[in-house]
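Coordinates in review
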Amino acid sequence: MKKKTGKQCDLVILNTSELLTLAGASHGPRTGREMRELGLIRDGGLAIEGCEFVAVGPSREIESKYAGKAKRVIDASGKVVMPGFIDPHTHAVFAGWRDKEWVMRLEGKEYLDILKSGGGILETVRATRAASQEELVTITKKHLDTMLLHGTTTAEVKSGYGLDFENEIKILKVIEALGEGHPIRLIPTFLGAHAVPAGYKDDPEGYVEAVMGWLPEVKPLARFCDVFLEEGAFNLAQAERILARARGLGLALKLHAGEFKDLGGVRLALRLGATSVDHLDYVSEGDMVEMARGGKKVQGFNPPKAEKVQSASGGKGSKVQGVTVAVLLPGVPFFLGRQRYASARVMIDLGVPVAIGTDFNPGTCPTPNMQLIMTLACLELGMTPEEAISAATINAAHALGYAHRVGSLEAGKRADVLILDVPTYTRLTYQFGVNHVETVIKTGKVMVEGKRQMSYLAKI
Ligand code: NIG
Ligand code: FE
């Protein structure tokens, strides 16, 4: 509440029913009981100058200091105001949907069997290769618009539907173009090791070598490198080779682990200092304990001394010394019709830092709506509404090594804010299937108002 008080400010929000600041966890993710702390201020307010918050606090204080010199004042009476959602795991760049596969699965075919017979991811690869960079920008922009309307202001986006040098670079350039032209802040991840392409069917090792060879040229276009560790995709040794090489080049790391089988990905991710390890529907309790040890100590849980887990979290510019965050994606088992979900309750109680994301992709989670994912987190992962909100904001920021900039409403951070058309935050996860996001402010600019997207200057 102190910075730049003499200057005019751009935007003030007053009189919130509930202001969820999520403040105080920019240094490390919330764990254990802390995940229930929302930094809630009733009748709160905030002031924005340029691209960042200058003050967050009780409404009357903000009003007396800032309202008189603000260019615009928004009255948020009866509404919840909170940080923009952060989706830490998407495969948003793809061409073509897979309606036939959806019907096949409803008739009892298994997802991994469809992949083995050349469908699934490989079908999307064929369609994505056939699309030009411009076409992919147009298709993806539509998805990003949907995400923005539903409150996502930062999203990680993976490549992985190219599976050859030219097409993987094409996808990363699509992400780069949209990162410059679209309001959503995009964090690019290289996932060349998403599946073994048809041309390398009998030589997976040759494909691993090829992927490693692309890394120096991928590096300027990606912040993270990821691998799909799974039967029918890549094994532990292959994942380790690719990720170790990527880390050597300065990329931060992510890993798809335990989506269908536990192949030991958690320990690999911890050993390599990955910023996150994602999915984790199948993971042993021993590995959850290891993840908690990699996290910070929490009340009531004091794990034995751990080997120090260093994280490559954040890449360039990050001031945050990260730990490995568990990114849970409940939309996947939901859409695959499975009973088994990640053991989020055990993880949180052990002290594992937990975030949630969509995994938005045409095969295992066709929704990019974080609100729906938060409801699934409550119903299927056993999380409380408060935990789901922490997991979709500040902890998701940590899963991207970006918590020094986003994930909470605090002076000095980027002004990414949602105004929700609900009087209390529990309504957000309770009344599911409805878009509660009325206003989206991204980096200080109003991008959605009255549930409608404002036009933005697209350089795309
Ligand atoms: O995260 N796990 C691998 N990739 C995606 C699915 C991609 C697809 O089916 O197209 C996932 O589930
Ligand atoms: Fe994924």
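Because the structure is predicted, anything quoted here is derived from the model rather than measured.

Caution is warranted with low-pLDDT regions, since their predicted coordinates should not be read in detail. Residues with a pLDDT of 70 or more make up 92% of the chain, whose mean pLDDT is 92. Contacts for the low-pLDDT stretch residues 1-5, under 50 throughout, to residues beyond four places or in other chains number 16 contacts. Across residues 296-321, confidence stays below pLDDT 50; counting only partners more than four residues off in sequence or on other chains, it has 58 contacts.

Protein-derived ligands of the iron ion (ligand 2) are H89 (NE2), H91 (NE2), H256 (NE2) and D359 (OD), with the metal-ligand distances lying across 2.1 to 2.2 Å. Between consecutive donors of the iron ion (ligand 2), the numbers of intervening residues give the motif H-x1-H-x164-H-x102-D. With relative accessibility at 0%, the residue H89 sits in the buried group.

With nine of its nine residues buried, strand β10 (residues 185-193) lies for the most part within the structure. In this sheet, β10 lies alongside strand β9 (residues 152-158) in parallel orientation, the contact comprising five bridges. By the bridge assignment, V157 is partnered in β10 with P188. The pairing of β10 with strand β11 (residues 224-227) spans three bridges and is classified as parallel. The partner of T189 across the bridge, within β11, is F224. A crossover links β10 with its parallel partner β11, the connecting element being helix α7 (residues 204-218), and its sense is right-handed.

What follows concerns the sheet that holds strand β7 (residues 80-83). Spatially, seven strands are ordered β3-β2-β7-β16-β17-β18-β19 in an open sheet, and the strand pairing comes out mixed. Where the open sheet ends on each side, the last strands, each with one partner, are β3 (40-42) and β19 (452-453). Inspection of the sheet shows strand β16 (residues 417-420) paired to strand β17 (residues 437-442) by four bridges, in the antiparallel sense. Each residue of the ladder has a partner; that of L420, found in β17, is V437.

Here we take up the packing of aromatic side chains. One pass over the full model with this rule turns up 10 aromatic pairs. Plain terms: the ring middles of F94 and W97 are 5.1 Å apart, the flat faces sit at 85 degrees to each other, and that makes the pair edge-to-face. For W97, a relative accessible area of 42% translates into the label partly exposed. Ring plane angle 15 degrees and centroid distance 5.2 Å describe the contact between W102 and F335, whose orientation is recorded as stacked. Linking W102 in helix α2 (residues 99-106) with F335 in helix α11 (residues 331-335), this pair joins segments that are 233 residues apart in sequence. By relative accessible area, W102 is classed as partly exposed at 37%. Each residue in the set F165, Y200, Y207, W214 and F234 is aromatic and connected to the rest through ring pairs, giving one cluster. Here K254 stacks its cationic end above the ring of F224, 4.7 Å away from the centre of that ring.

The next point concerns the pairing of strand β4 (residues 44-49). In terms of residue burial, β4 counts as a mostly covered element, since six of its six residues are buried. Residues G44, L46 and I48 line one face of β4 and the alternating positions G45, A47 and E49 line the opposite face, and both faces are buried. With six bridges connecting them, β4 and strand β5 (residues 52-58) associate as antiparallel partners. Residue pairing across strands places I48 opposite F53, the latter belonging to β5. If you look at the hairpin formed by β4 and β5, you'll find two residues sitting between the two strands, and G50 has a positive phi there, around 65 degrees.

It is worth spelling out the environment of G337 at this point. Following the sequence through the fold, G337 ends up in the loop between α11 and α12 (344-350). G337 sits in the exposed class, given a relative accessible area of 55%. Taking the C-alpha atoms as reference points, G337 and E180, 157 residues apart in sequence, are found 37 Å from one another.

Here we come to the packing of helix α13 (residues 370-380) against helix α14 (residues 385-392). Running from N to C, α13 and α14 cross one another at 135 degrees; their axes reach a closest spacing of 9 Å. The orientation of α13 relative to α14 falls into the category oblique. α14 is crossed by α13, and the crossing has right-handed handedness. The residues of α14 that touch α13, namely those facing M370, M374, A377 and C378, are P385, A388, I389 and A392. The class makeup of the residues in the contact of α13 with α14 is eight nonpolar, no polar and no charged.

Reading the values: rules and limits
Residues numbered from 1 in each chain as written. Chains lettered and ligands numbered in written order. Predicted model: local features only at pLDDT ≥ 70, side-chain atom pairs only at ≥ 80, totals over all residues. Heavy atoms only, no water. pLDDT = per-residue confidence, 0-100. Contact = heavy atoms within 4.5 Å. Donors = N, O, S within 2.8 Å, 3.2 Å for Na, K, Ca; no water. Buried < 20%, exposed > 50% of the residue type's maximum accessible area, 1.4 Å probe, protein only. Helix = DSSP H or I, 4+ residues; strand = E, 2+ residues; numbered from the N terminus. Pairing = 2+ DSSP bridges. Right-handed = clockwise from strand over helix to strand, strands pointing away. Phe/Tyr/Trp six-rings, centres within 6.5 Å; stacked < 30°, edge-to-face > 60°. Lys NZ or Arg CZ within 6 Å of the ring centre and 35° of its normal. Axes fitted to C-alpha atoms, helices over the stretch in contact; angles between N-to-C directions. Parallel < 35°, antiparallel > 145°, perpendicular 65-115°, else oblique. Left-handed = near helix turned anticlockwise from the far one by under 90°. Nonpolar A, V, L, I, M, F, W, Y, C, P; charged D, E, K, R; others polar.

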